[in-house]
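# Survey of secondary and tertiary structure
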Amino acid sequence: MAKFRGRQVCQSFLAVLTLWNSLGSEMVVASVGKQSSGSSYFVFQQPEYPRDCKDVLNTCSSTHNTSGVYLIKPDGYPEPFEVYCDNEFNNGGWTVLQRRRLDSVNFNRNWQDFKNGFGFLGSEFWIGNEKLAFLTNQKVYQLRLEFENAAGQSYYVTYDQFRISDEWGQYQLSSAGTHGGTAESHLEWCPTNKIFSNVTCERTCDDPDTCISSTSRTELEKCVCVGDYMIQGEDCIPQKQCSCFAADKGTVLMNGESYVNSGCTRRSNCSNNQLIEEESYHCSDDATCDVREGVRRCYCIDGYEGDGVTCTREAVPKDCKELYVDGSSDGVYTIYPDGWPSGIHVYCEMESNGGGWTVIQRRSSAAVDFYRTWAEYKTGFENPRGDHWLGNDYIHAITNQKTYSLRIDLTNARSSSYYALYSSFSISDDADKYRLSIGSYSGNTGYDAMSWHNNKPFSTRDEDNDGWSDFDCAEKHRGAWWFGNHDHDRSNSYCRTYDYYCEHFPVGDGCGKCAYSHLNGDYDSSTRGTNNYWRYLSGYECNLQYTEMKIRPV
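Scope of this entry: the structure provided in the associated data block. Residue numbering note: each chain is counted from 1, following its sequence as written. With the structure being a predicted model, the display of local features is reserved for residues of pLDDT at least 70 and the display and counting of side-chain atom pairs for 80 or more, all residues being used for whole-chain, interface and lining totals. The side-chain quantities take in all heavy atoms of the structure and omit both hydrogens and water.

## Here we look at helix H3 (residues 129-136)
Every α-helical turn comprises 3.6 residues, leaving residues that sit three or four positions apart pointing alike. The classification of residues rests on relative accessible area computed with a 1.4 Å probe and restricted to protein chains. Under 20% of the type maximum is buried, over 50% is exposed, and intermediate values are partly exposed. Secondary structure is summarised from DSSP: a helix means a run of H or I of at least four residues, a strand means a run of E of at least two, and numbering begins at the N terminus for each. Across the 8 residues that make up H3, a large majority, 6, are buried. Those residues of H3 not exposed but buried are Asn 129, Lys 131, Leu 132, Ala 133, Leu 135 and Thr 136.

## Some remarks on the pattern of salt bridges
A side chain of one charge can pair with a side chain of the opposite charge if their charged atoms are brought near each other. Take a side-chain nitrogen of Lys or Arg and a carboxyl oxygen of Asp or Glu: if they are within 4 Å of each other, that pair is a salt bridge. Within this structure, the stated rule accounts for 29 salt bridges. A salt bridge links Asp 113 to Arg 109, with the shortest nitrogen-to-oxygen separation between them at 3.6 Å. Among the residues examined, Asp 113 registers a relative accessible area of 25% and is labelled partly exposed. Residue Arg 109 is classed as partly exposed on the basis of its relative accessible area, which comes to 32%. If you follow the salt bridges from partner to partner, you end up with Glu 349, Arg 362, Arg 407, Asp 409, Glu 548 and Lys 550 in one network.

## Description of the packing of aromatic side chains
Paired rings are identified among Phe, Tyr and Trp, the last through its six-membered ring, by centres lying within 6.5 Å, and are further divided according to the angle between planes into stacked (under 30 degrees), edge-to-face (over 60) and tilted (the rest). Taken as a whole and assessed by the stated rule, the structure comprises 24 aromatic pairs. Each ring, one from Phe 114 and one from Trp 126, has its centre 5.8 Å from the other, and the planes form 65 degrees; the classification is edge-to-face. Note that Phe 114 is positioned in helix H2 (residues 111-116) and Trp 126 in strand E7 (residues 125-126), a separation of 12 residues in sequence. An angle of 80 degrees between the planes, with centres 5.0 Å apart, marks the rings of Tyr 447 and Tyr 536 as edge-to-face. Here Tyr 447, found in the loop between strand E32 (441-443) and helix H7 (473-477), pairs with Tyr 536, found in the loop between strand E37 (533-534) and strand E38 (546-553); they are 89 residues apart in sequence, far enough to count as distant. In this structure Tyr 447 comes out as partly exposed when scored by relative accessible area, which is 25%. Judged by its relative accessible area of 31%, Tyr 536 is partly exposed. Among the aromatic residues, those joined into a ring-pair cluster are Phe 370, Trp 374, Tyr 377, Phe 381, Trp 389, Phe 425, Tyr 434, Phe 458, Trp 481 and Trp 482. Any Lys NZ or Arg CZ that is within 6 Å of a ring centre and within 35 degrees of that ring's normal is treated as a charge sitting over the ring. For Arg 461, the ring lying beneath its charged end belongs to Tyr 371, and the centroid distance is 5.3 Å.

See below:
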């Protein structure tokens, strides 16, 4: 039991006590006396409530030699409160501050709990730091601490001037005075920053993530270094004083461990138990600051590899054939032809005709208008998953990095399918008007309708490159293609009479034509010469219902 007596006081303090192998403890205080101010007389006014248990004993005659719960109100405290008074020991008048006997009350509490007090006055409790501060600052008090060990032996310690400060002073132990008693040889006083506890997990500055083994522990409790403290050598120090304490993380880094702050602008490394700050750490333009699997750092974006500070492009596919060897299926992919580091979205045909084909054109309905400008054919239009033109700039980039073959798949109005295969295919750049270069033909279309277009420049409705001054082939055929100058042939009446010549259109007294094939005309056109056609295909069928142009390295 811990007790205190008091005289008038001016200071205050907080006591933290540790008992080795104790089964019970109690703290009590008692007033030692009251001193005169030196005046020749004074007026004493009986307070409404006693200020401590000594006042209870002196003012309430019915309490002689009776211990129990009473109301007191220390000077300045706003309301009276209950305390347990021990009136049986040493003439009585002891105010009990704390009692621990049965381990029925949890004392591992927060600041607010210790401020207000907790437990039960009839068993285990803490009176509360706020009450204790008012109580010990109205007189000088003696503190008595009583202990009982597992063998039933009792000991005590006394301090003749006990006082704690208020909450503003963090209830600091401001006075203790001279101590005495019988327990000194039986108490274990813990070193600085250690506490007496049964906690088994202690950590070191060198290895903060690993608990020190406690298999050799024989005592239920001992002095340990826990909480925000860590072992360094023989000392228990705040973790902030550890050599590899990372302020950004708020914890100690293990040797060899790194930590990157929230903006990825600084990295902390623990090397040989010394913290090294890399303030120049920052992400590459091809990286992002992210947390993955619990680790925050710079990560290279898709298509790049490296440590995030430096990122280099991974080995990337230049065409669909390079993707095909990885076992990819039909769909839209990003390829990276020479000169296009940002990539191009293309449709790859992987599951038919040997696979590895990069589609550059597709027509399957009238939903997409192909009567477009030079700029639109230059960069491409519509979605690669459906009807589209890939774009002449892209086609040039792809076909000039390797030798490519061209396959053209066609379906006529009677749903019959055909194909034409050319041994090589490429186009020049914009400066040369995307001029066509094409190799030898094979297939089942019955006619090589592309070879005549070899070495012809590309033309659109607003860019006439057909070399024919009489009229604009792209406008006449309502599309865009590798058109060329072709003489008038046959009469106008013949041109109007025989509809199987899909490539003809009336011109003055005769018939004109600019191409033997045209796959970018009007879909299902009723006007001669403006439709999609392939010369002599299966009985001169016009208005092809499906066309697809695709390339693959030879």
